[in-house]
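Secondary and tertiary structure notes
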Amino acid sequence: MTLKLGVIGTGAIGQEHIRRCSHVLQGAQVVAVSDINVDGARAALQRLNIEAEVFENGHDVIQSSNVDAVLVTSWDPTHEEFTLAAIAAGKPVFCEKPLAMSAEGCRRVVDAEIQAGKRLVQVGFMRPYDAGYRALKKVITDGDIGEPLMLHCAHRNPTVPENYTTPMAITNTLIHELDVLRWLTSDDYKTVQVIFPRVTSKSHGQLKDPQIVLFETHKGVRIDVEIFVNCAYGYDIQCEVVGEEGIARLPEPSSVQLRKDARLSNTILVDWKDRFIEAYDVELQAFINDINAGQLTGPSAWDGFAASVAADACIKAQNSGAIETVEMPPRPAFYN
(Lines give C-alpha, C1' and ligand atoms only; values in the text may rest on other atoms or scores of the structure.)
Protein backbone atom coordinates (compact mmCIF):
# COMPACT_ATOMS: atom_id res chain seq x y z
CA MET A 1 0.00 0.00 0.00
CA THR A 2 1.28 3.45 -0.93
CA LEU A 3 0.18 6.08 1.58
CA LYS A 4 -0.94 9.28 -0.12
CA LEU A 5 0.33 12.32 1.77
CA GLY A 6 -0.75 15.94 1.76
CA VAL A 7 1.77 18.54 2.97
CA ILE A 8 0.60 21.88 4.37
CA GLY A 9 3.44 24.40 4.17
CA THR A 10 6.30 24.23 1.67
CA GLY A 11 8.94 26.24 3.49
CA ALA A 12 12.34 24.81 4.46
CA ILE A 13 11.15 21.95 6.68
CA GLY A 14 8.17 21.26 4.43
CA GLN A 15 10.41 20.88 1.40
CA GLU A 16 12.75 18.61 3.35
CA HIS A 17 9.84 16.34 4.31
CA ILE A 18 8.47 16.34 0.76
CA ARG A 19 11.91 15.36 -0.52
CA ARG A 20 12.42 12.51 1.95
CA CYS A 21 8.88 11.14 1.63
CA SER A 22 9.18 11.16 -2.16
CA HIS A 23 12.80 10.14 -2.77
CA VAL A 24 14.16 8.50 0.40
CA LEU A 25 11.43 6.71 2.35
CA GLN A 26 9.25 3.77 1.35
CA GLY A 27 5.50 3.33 1.27
CA ALA A 28 4.40 6.94 0.72
CA GLN A 29 3.80 9.46 -2.05
CA VAL A 30 3.21 13.21 -1.74
CA VAL A 31 0.09 13.90 -3.83
CA ALA A 32 -0.98 17.34 -2.59
CA VAL A 33 0.60 20.45 -1.08
CA SER A 34 -0.47 23.93 -0.03
CA ASP A 35 1.23 27.16 0.93
CA ILE A 36 0.27 30.80 1.27
CA ASN A 37 2.81 31.36 -1.52
CA VAL A 38 1.25 29.19 -4.23
CA ASP A 39 3.89 30.06 -6.82
CA GLY A 40 6.59 29.19 -4.30
CA ALA A 41 4.95 25.82 -3.68
CA ARG A 42 4.88 25.07 -7.42
CA ALA A 43 8.52 26.11 -7.77
CA ALA A 44 9.50 23.87 -4.83
CA LEU A 45 7.80 20.86 -6.43
CA GLN A 46 9.57 21.59 -9.70
CA ARG A 47 12.97 21.77 -7.96
CA LEU A 48 12.25 18.50 -6.18
CA ASN A 49 11.02 16.86 -9.41
CA ILE A 50 7.67 15.95 -7.84
CA GLU A 51 4.21 16.02 -9.37
CA ALA A 52 1.49 16.90 -6.86
CA GLU A 53 -1.71 18.94 -6.77
CA VAL A 54 -1.22 22.45 -5.38
CA PHE A 55 -3.94 23.98 -3.19
CA GLU A 56 -4.23 27.54 -1.93
CA ASN A 57 -5.54 26.45 1.48
CA GLY A 58 -4.45 23.73 3.87
CA HIS A 59 -8.07 22.77 4.59
CA ASP A 60 -8.45 21.81 0.93
CA VAL A 61 -5.50 19.44 1.32
CA ILE A 62 -7.10 17.83 4.37
CA GLN A 63 -10.48 17.46 2.66
CA SER A 64 -9.04 16.04 -0.56
CA SER A 65 -10.32 12.51 -1.20
CA ASN A 66 -6.90 11.71 -2.67
CA VAL A 67 -5.10 12.38 0.65
CA ASP A 68 -4.78 9.61 3.26
CA ALA A 69 -2.65 11.46 5.84
CA VAL A 70 -1.39 14.99 6.43
CA LEU A 71 1.94 16.61 7.30
CA VAL A 72 1.60 20.06 8.92
CA THR A 73 4.78 22.08 8.31
CA SER A 74 3.20 25.51 7.97
CA TRP A 75 3.65 28.70 10.03
CA ASP A 76 3.60 27.80 13.74
CA PRO A 77 0.36 29.67 14.63
CA THR A 78 -1.57 27.54 12.09
CA HIS A 79 -0.56 24.16 13.54
CA GLU A 80 -3.45 23.81 15.96
CA GLU A 81 -6.07 24.76 13.36
CA PHE A 82 -4.87 22.27 10.74
CA THR A 83 -4.28 19.47 13.25
CA LEU A 84 -7.82 19.85 14.63
CA ALA A 85 -9.17 19.82 11.07
CA ALA A 86 -7.29 16.60 10.29
CA ILE A 87 -8.68 14.97 13.44
CA ALA A 88 -12.20 16.06 12.45
CA ALA A 89 -11.62 14.50 9.02
CA GLY A 90 -10.43 11.27 10.65
CA LYS A 91 -7.00 11.48 8.97
CA PRO A 92 -3.64 10.79 10.66
CA VAL A 93 -1.61 13.97 10.99
CA PHE A 94 2.10 14.56 11.57
CA CYS A 95 2.45 18.05 13.05
CA GLU A 96 5.83 19.70 13.32
CA LYS A 97 6.53 21.32 16.68
CA PRO A 98 4.93 23.22 18.27
CA LEU A 99 1.61 21.40 18.27
CA ALA A 100 -0.02 24.72 19.24
CA MET A 101 1.05 28.14 20.45
CA SER A 102 -0.04 27.50 24.03
CA ALA A 103 -0.71 24.68 26.46
CA GLU A 104 -4.42 25.48 26.15
CA GLY A 105 -4.21 24.99 22.40
CA CYS A 106 -2.40 21.69 22.82
CA ARG A 107 -5.06 20.58 25.30
CA ARG A 108 -7.75 21.28 22.72
CA VAL A 109 -5.94 18.94 20.33
CA VAL A 110 -5.63 16.29 23.06
CA ASP A 111 -9.35 16.55 23.89
CA ALA A 112 -10.33 16.35 20.21
CA GLU A 113 -8.20 13.25 19.69
CA ILE A 114 -9.62 11.55 22.76
CA GLN A 115 -13.12 12.40 21.51
CA ALA A 116 -12.23 10.83 18.15
CA GLY A 117 -11.41 7.63 20.02
CA LYS A 118 -8.15 6.84 18.20
CA ARG A 119 -4.62 8.22 18.10
CA LEU A 120 -4.38 10.32 14.97
CA VAL A 121 -1.64 12.82 15.93
CA GLN A 122 2.14 12.54 15.95
CA VAL A 123 4.22 15.55 16.95
CA GLY A 124 7.50 16.25 15.13
CA PHE A 125 9.93 15.63 17.97
CA MET A 126 12.71 13.83 16.14
CA ARG A 127 15.28 13.28 18.89
CA PRO A 128 13.81 10.02 20.24
CA TYR A 129 14.53 8.65 16.74
CA ASP A 130 18.20 9.74 16.79
CA ALA A 131 20.61 6.79 17.10
CA GLY A 132 22.67 8.54 19.77
CA TYR A 133 19.70 9.35 21.98
CA ARG A 134 18.36 5.83 21.54
CA ALA A 135 21.69 4.40 22.66
CA LEU A 136 21.67 6.73 25.67
CA LYS A 137 18.09 5.68 26.50
CA LYS A 138 19.09 2.00 26.37
CA VAL A 139 21.93 2.60 28.84
CA ILE A 140 19.45 4.17 31.25
CA THR A 141 16.72 1.56 30.72
CA ASP A 142 19.16 -1.34 31.11
CA GLY A 143 20.38 0.11 34.43
CA ASP A 144 24.00 0.29 33.28
CA ILE A 145 24.65 3.47 35.30
CA GLY A 146 22.08 2.92 38.04
CA GLU A 147 19.30 5.41 38.66
CA PRO A 148 19.82 8.82 37.01
CA LEU A 149 20.61 11.58 39.50
CA MET A 150 21.56 14.56 37.31
CA LEU A 151 21.58 15.58 33.65
CA HIS A 152 23.90 18.22 32.17
CA CYS A 153 22.80 19.38 28.73
CA ALA A 154 23.56 22.06 26.16
CA HIS A 155 21.82 23.29 23.01
CA ARG A 156 24.09 25.61 21.03
CA ASN A 157 23.54 27.29 17.67
CA PRO A 158 26.19 29.26 15.76
CA THR A 159 23.85 32.22 15.25
CA VAL A 160 20.20 33.24 15.08
CA PRO A 161 18.44 36.00 13.12
CA GLU A 162 17.55 39.45 14.47
CA ASN A 163 13.88 38.47 14.94
CA TYR A 164 14.81 35.71 17.43
CA THR A 165 13.71 36.81 20.92
CA THR A 166 14.36 35.69 24.50
CA PRO A 167 11.16 33.56 24.77
CA MET A 168 12.06 31.80 21.50
CA ALA A 169 15.02 30.24 23.28
CA ILE A 170 12.32 28.19 25.01
CA THR A 171 9.64 27.76 22.36
CA ASN A 172 11.93 27.21 19.34
CA THR A 173 15.11 25.79 20.86
CA LEU A 174 14.65 24.25 24.33
CA ILE A 175 11.37 22.67 23.20
CA HIS A 176 13.33 19.69 21.87
CA GLU A 177 15.02 19.12 25.24
CA LEU A 178 11.68 19.53 26.99
CA ASP A 179 10.44 16.50 25.05
CA VAL A 180 13.51 14.28 24.85
CA LEU A 181 14.54 14.68 28.50
CA ARG A 182 11.06 13.57 29.64
CA TRP A 183 11.51 10.58 27.36
CA LEU A 184 15.01 9.79 28.64
CA THR A 185 14.06 9.98 32.33
CA SER A 186 10.48 8.65 32.03
CA ASP A 187 9.54 11.51 34.33
CA ASP A 188 7.71 14.84 34.30
CA TYR A 189 9.08 18.19 35.42
CA LYS A 190 8.15 19.54 38.84
CA THR A 191 9.84 22.96 38.92
CA VAL A 192 11.91 25.20 36.66
CA GLN A 193 14.16 28.23 37.06
CA VAL A 194 15.88 30.32 34.37
CA ILE A 195 19.19 32.06 35.01
CA PHE A 196 20.75 34.66 32.71
CA PRO A 197 24.57 34.78 32.68
CA ARG A 198 26.51 37.65 31.14
CA VAL A 199 25.06 38.39 27.68
CA THR A 200 27.27 37.60 24.70
CA SER A 201 28.32 40.57 22.56
CA LYS A 202 27.04 38.60 19.53
CA SER A 203 23.43 38.91 20.70
CA HIS A 204 21.03 41.78 20.04
CA GLY A 205 18.56 43.93 21.97
CA GLN A 206 15.62 41.49 21.91
CA LEU A 207 17.61 38.47 23.09
CA LYS A 208 19.27 37.57 26.36
CA ASP A 209 21.80 34.93 25.35
CA PRO A 210 22.95 32.56 26.81
CA GLN A 211 20.43 31.16 29.29
CA ILE A 212 20.61 28.34 31.82
CA VAL A 213 17.41 26.43 32.59
CA LEU A 214 17.27 24.37 35.80
CA PHE A 215 14.68 21.63 36.30
CA GLU A 216 13.67 19.29 39.08
CA THR A 217 11.61 16.23 38.10
CA HIS A 218 9.04 14.49 40.26
CA LYS A 219 11.56 11.72 41.01
CA GLY A 220 14.07 14.34 42.18
CA VAL A 221 16.39 14.29 39.16
CA ARG A 222 18.15 17.64 38.67
CA ILE A 223 18.64 18.87 35.11
CA ASP A 224 20.55 21.88 33.81
CA VAL A 225 20.33 22.94 30.17
CA GLU A 226 22.53 25.63 28.66
CA ILE A 227 20.89 27.43 25.75
CA PHE A 228 23.46 29.40 23.75
CA VAL A 229 22.16 30.35 20.32
CA ASN A 230 25.00 32.66 19.25
CA CYS A 231 27.89 30.41 20.25
CA ALA A 232 29.61 31.16 16.89
CA TYR A 233 31.55 27.89 16.59
CA GLY A 234 28.85 25.45 15.42
CA TYR A 235 25.65 23.52 16.11
CA ASP A 236 26.39 21.51 19.24
CA ILE A 237 24.01 19.26 21.21
CA GLN A 238 25.26 17.78 24.47
CA CYS A 239 23.65 15.50 27.07
CA GLU A 240 25.37 13.82 30.01
CA VAL A 241 23.48 11.57 32.44
CA VAL A 242 25.03 11.14 35.89
CA GLY A 243 23.81 7.93 37.50
CA GLU A 244 24.40 6.19 40.81
CA GLU A 245 27.02 3.89 39.30
CA GLY A 246 28.38 5.73 36.28
CA ILE A 247 28.05 8.47 33.69
CA ALA A 248 26.71 8.20 30.15
CA ARG A 249 27.18 10.82 27.43
CA LEU A 250 25.37 11.38 24.17
CA PRO A 251 27.72 10.26 21.35
CA GLU A 252 29.25 12.95 19.17
CA PRO A 253 28.24 12.93 15.48
CA SER A 254 30.63 10.82 13.44
CA SER A 255 33.43 12.76 11.77
CA VAL A 256 36.94 12.14 10.51
CA GLN A 257 39.66 12.93 13.04
CA LEU A 258 42.34 15.05 11.42
CA ARG A 259 46.00 15.41 12.41
CA LYS A 260 47.47 18.43 10.62
CA ASP A 261 49.59 21.51 11.34
CA ALA A 262 50.44 20.20 14.82
CA ARG A 263 46.75 19.93 15.71
CA LEU A 264 44.31 17.09 16.38
CA SER A 265 40.79 18.07 15.29
CA ASN A 266 37.25 16.91 14.55
CA THR A 267 34.73 18.76 12.40
CA ILE A 268 31.73 20.29 14.21
CA LEU A 269 28.44 20.58 12.33
CA VAL A 270 26.88 24.01 11.81
CA ASP A 271 23.37 23.07 10.58
CA TRP A 272 20.65 21.36 12.63
CA LYS A 273 19.31 19.68 9.48
CA ASP A 274 22.64 17.87 9.04
CA ARG A 275 22.88 16.90 12.73
CA PHE A 276 19.49 15.16 12.78
CA ILE A 277 18.91 14.31 9.11
CA GLU A 278 18.85 10.55 9.74
CA ALA A 279 16.53 10.99 12.73
CA TYR A 280 14.05 12.84 10.51
CA ASP A 281 14.17 9.96 8.04
CA VAL A 282 13.56 7.34 10.75
CA GLU A 283 10.82 9.48 12.33
CA LEU A 284 8.75 9.87 9.18
CA GLN A 285 9.30 6.28 8.05
CA ALA A 286 7.95 5.18 11.44
CA PHE A 287 4.92 7.45 10.96
CA ILE A 288 4.23 5.90 7.56
CA ASN A 289 4.72 2.36 8.88
CA ASP A 290 2.52 3.00 11.92
CA ILE A 291 -0.36 4.27 9.77
CA ASN A 292 -0.17 1.18 7.61
CA ALA A 293 -0.08 -0.95 10.78
CA GLY A 294 -3.12 0.87 12.16
CA GLN A 295 -1.59 2.38 15.32
CA LEU A 296 0.59 5.46 15.91
CA THR A 297 3.41 4.96 18.42
CA GLY A 298 5.52 8.13 18.09
CA PRO A 299 5.47 11.33 20.16
CA SER A 300 1.81 11.97 20.91
CA ALA A 301 -0.43 14.98 21.29
CA TRP A 302 -0.01 14.45 25.04
CA ASP A 303 3.77 14.75 24.62
CA GLY A 304 3.20 17.97 22.70
CA PHE A 305 0.96 19.22 25.51
CA ALA A 306 3.52 18.27 28.17
CA ALA A 307 6.28 20.14 26.33
CA SER A 308 4.04 23.19 26.01
CA VAL A 309 3.10 23.16 29.71
CA ALA A 310 6.80 23.05 30.60
CA ALA A 311 7.59 25.78 28.05
CA ASP A 312 4.94 28.07 29.56
CA ALA A 313 6.49 27.56 33.01
CA CYS A 314 9.96 28.30 31.58
CA ILE A 315 8.79 31.59 30.06
CA LYS A 316 7.15 32.51 33.36
CA ALA A 317 10.47 31.76 35.09
CA GLN A 318 12.32 33.92 32.54
CA ASN A 319 10.19 36.87 33.59
CA SER A 320 10.01 36.25 37.34
CA GLY A 321 13.52 35.00 38.05
CA ALA A 322 11.91 32.66 40.59
CA ILE A 323 11.51 28.90 40.80
CA GLU A 324 8.21 28.18 39.07
CA THR A 325 6.00 25.11 39.38
CA VAL A 326 5.23 23.04 36.28
CA GLU A 327 1.51 22.27 36.65
CA MET A 328 1.14 19.03 34.70
CA PRO A 329 -2.20 17.19 35.05
CA PRO A 330 -2.37 13.38 35.23
CA ARG A 331 -1.90 11.56 31.93
CA PRO A 332 -5.23 10.36 30.48
CA ALA A 333 -5.59 6.57 30.22
CA PHE A 334 -6.05 7.10 26.45
CA TYR A 335 -2.27 7.77 26.17
CA ASN A 336 -1.06 4.92 28.40
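Leftover empty space is mapped by rolling, across the atoms, a probe with the size of a water molecule. A volume near 1100 Å³ is recorded for the largest pocket. Lining the largest pocket are 41 residues, with Ile13, Asp76, Lys97, Asn172 and Trp272 positioned closest to its centre. Of all the elements in the fold, those that place two or more residues in the lining of the largest pocket are α1 (12–23), α3 (58–63), α4 (79–88) and α7 (168–185). Element by element, the count of residues in the lining of the largest pocket is highest for α7, at four residues. There is about 470 Å³ of room inside the second largest pocket. What lines the second largest pocket is a set of 22 residues, and nearest its centre among them are Trp183, Thr297, Gly298, Pro299 and Asp303. For the lining of the second largest pocket, the element with the highest residue contribution is α7, accounting for three residues. Along the lines of polarity and charge, the residues of the lining of the second largest pocket split into seven nonpolar, six polar and nine charged.

It is worth spelling out the sheet that holds strand β9 (residues 211–217) at this point. Across the sheet, seven strands lie side by side as β12-β11-β7-β10-β9-β8-β15; this open sheet has mixed pairing. Because the sheet does not close on itself, it has two edges, and the strands there are β12 (247–249) and β15 (324–325). In this fold helix α6 (residues 131–141) packs onto β7 (148–156), β11 (236–243) and β12, with an angle of close to 5° to the strand it touches most, β11. Sheet strands in contact with α7 are β7, β8 (189–195), β9, β10 (222–228) and β11, and its direction is about 150° off that of β10.

Applying the stated criterion across every chain, the model contains six aromatic pairs. Taking 5.0 Å as the distance between ring centres and 45° as the angle between the ring planes, the aromatic pair formed by Trp302 and Phe305 counts as tilted. Within this pair, Trp302 and its partner Phe305 are both found in helix α10 (residues 301–320), separated by three residues, close to a single helical turn. The pair formed by Trp302 and Phe305 is uniform in burial state, with each residue classed as buried. Its guanidinium or amino end placed over the ring of Phe305, Arg107 lies 5.4 Å from that ring's centre, counting from NZ or CZ. One residue, Lys208, lies across the ring of Phe196, its end atom 4.8 Å from the ring centre.

What follows covers the pattern of salt bridges. Scanning the entire structure with this criterion turns up 17 salt bridges. With its nearest N and O atoms 2.6 Å apart, the salt bridge here joins Glu226 to Arg156. Taken as a pair, Glu226 in strand β10 and Arg156 in strand β7 lie far apart in primary sequence, 70 residues in all. Of the residues examined, Glu226 reaches a relative accessible area of 23% and is grouped as partly exposed. For Glu324, the salt bridge is made with Lys316, and the minimal N-O distance between the two is 3.7 Å. Taking the relative accessible area as the measure of exposure, Glu324 reaches 12% and is therefore buried.

Here we take up the pairing of β9. Summarising burial for β9: five of the seven residues are buried, a large majority. Examined bridge by bridge, β8 and β9 share six bridges and lie antiparallel to one another. In the strand pairing of β9, Val194 is matched with Val213. The turn joining β9 and β10, which pair antiparallel and follow one another in sequence, is formed by four residues; a positive phi near 95° is taken by Gly220.

Glancing now at the packing of α1 against helix α2 (residues 38–48). Put simply, α1 and α2 touch, their axes get as near as 11 Å, and they point 40° apart. By the angle between their directions, the pair α1 and α2 is classed as oblique. Along this stretch, α1 crosses α2, giving a crossing that reads as right-handed. In this structure, α1 contributes Gln15, Ile18, Arg19 and His23 to the contact, and α2 contributes Ala44, Leu45, Arg47 and Leu48. Of the residues in the contact of α1 with α2, the class split is four nonpolar, two polar and two charged.

Turning next to α6. Listed in full, the buried residues belonging to α6 are Gly132, Tyr133, Leu136, Lys137 and Ile140. For α6, the arc enclosing every buried residue in end-on projection is 135°, short of the 170-degree limit, so these residues lie on one face. The outward face of α6, more than 90 degrees from its buried face, is lined by the exposed residues Ala131, Lys138 and Thr141. Where α6 is buried, its residues contact β7, α7, β11 and β12. Where α6 begins, one side-chain oxygen reaches toward the backbone nitrogen of Gly132, 3.1 Å away; that side chain belongs to Asp130. Directly after α6, the chain includes Gly143, whose backbone phi takes a positive value near 75°.

We now examine the nonpolar core. Judged by nonpolar contacts, the single largest core of 79 residues is most densely connected at Leu174, Leu178, Leu181, Val213, Phe215 and Cys239. For this core, the element with the most residues is α10, which contributes 11 residues. Once you skip the residues sitting within four places of it in the chain, Val213 turns out to touch Ile170, Leu174, Val192, Gln193, Val194, Ile223, Asp224, Val225, Ile227 and Cys314. Core analysis: the second largest hydrophobic core is formed by 23 residues, Leu3, Leu284, Ile291 and Leu296 among them.

Procedures and definitions
- Position numbers for residues count from 1 along each chain, tracking the sequence in the order it is written.
- Per-residue local features of the predicted model are confined to residues with pLDDT of at least 70, and side-chain atom pairs are confined, for both listing and counting, to 80 or more; whole-chain, interface and lining totals are unaffected and use all residues.
- Think of the side-chain values as coming from all heavy atoms in the structure, minus any hydrogens and water.
- Put simply, the grid is 1 Å and covers the protein atoms alone, a cavity is a trapped set of points that fit a 1.4 Å probe, a pocket is an open set with protein on both sides within 12 Å along at least five of seven lines, and lining residues have an atom within 4 Å of a point.
- Grid points are joined across faces, edges and corners, and a volume is the space filled by probe spheres set on the points.
- Strands here mean DSSP runs of E at least two residues long; helices mean DSSP runs of H or I at least four residues long; both are numbered from the N terminus.
- Residue type decides the class: Asp, Glu, Lys and Arg count as charged, Ala, Val, Leu, Ile, Met, Phe, Trp, Tyr, Cys and Pro as nonpolar, and the leftover types, Gly among them, as polar.
- At least two DSSP bridges between two strands are needed for those strands to be called paired.
- Should any heavy atoms of two residues lie within 4.5 Å, those residues are considered in contact.
- Between N-to-C directions, angles cover 0 to 180 degrees, with each direction set by a line fitted to C-alpha atoms, over the stretch in contact for helices.
- Whether two aromatic rings pair depends on their centres lying within 6.5 Å, for rings of Phe, Tyr and Trp, where Trp uses its six-membered ring; planes under 30 degrees apart make the pair stacked, over 60 edge-to-face, and the rest tilted.
- Exposed residues in this analysis have more than 50% of their type's maximum accessible area, buried residues have under 20%, and partly exposed residues fall in between, with area computed by a 1.4 Å probe over protein chains only.
- A positively charged side chain is recorded as over a ring if its NZ (Lys) or CZ (Arg) lies within 6 Å of the ring centre. The angle to the ring normal must also be within 35 degrees.
- Definition used for salt bridges: Asp or Glu carboxyl oxygen within 4 Å of a side-chain nitrogen of Lys or Arg.
- Working definition: roughly parallel below 35 degrees, roughly antiparallel above 145 degrees, roughly perpendicular at 65 to 115 degrees, and oblique for all remaining angles.
- We call a crossing left-handed when the near helix sits turned anticlockwise from the far one by less than a right angle, and right-handed when that turn is clockwise.
- An arc is given here, and it is the one of the directions from the helix axis to the C-beta atoms.
- Definition of a polar contact: a pair of N or O atoms within 3.5 Å, with one able to donate and the other able to accept a hydrogen when the atoms are protein atoms, and with sequence-neighbouring residues admitted only if both atoms are side-chain atoms.
- Residues belong to one nonpolar core when they are buried, are Ala, Val, Leu, Ile, Met, Phe, Trp, Tyr or Cys, and are joined through side-chain atoms within 4.5 Å.

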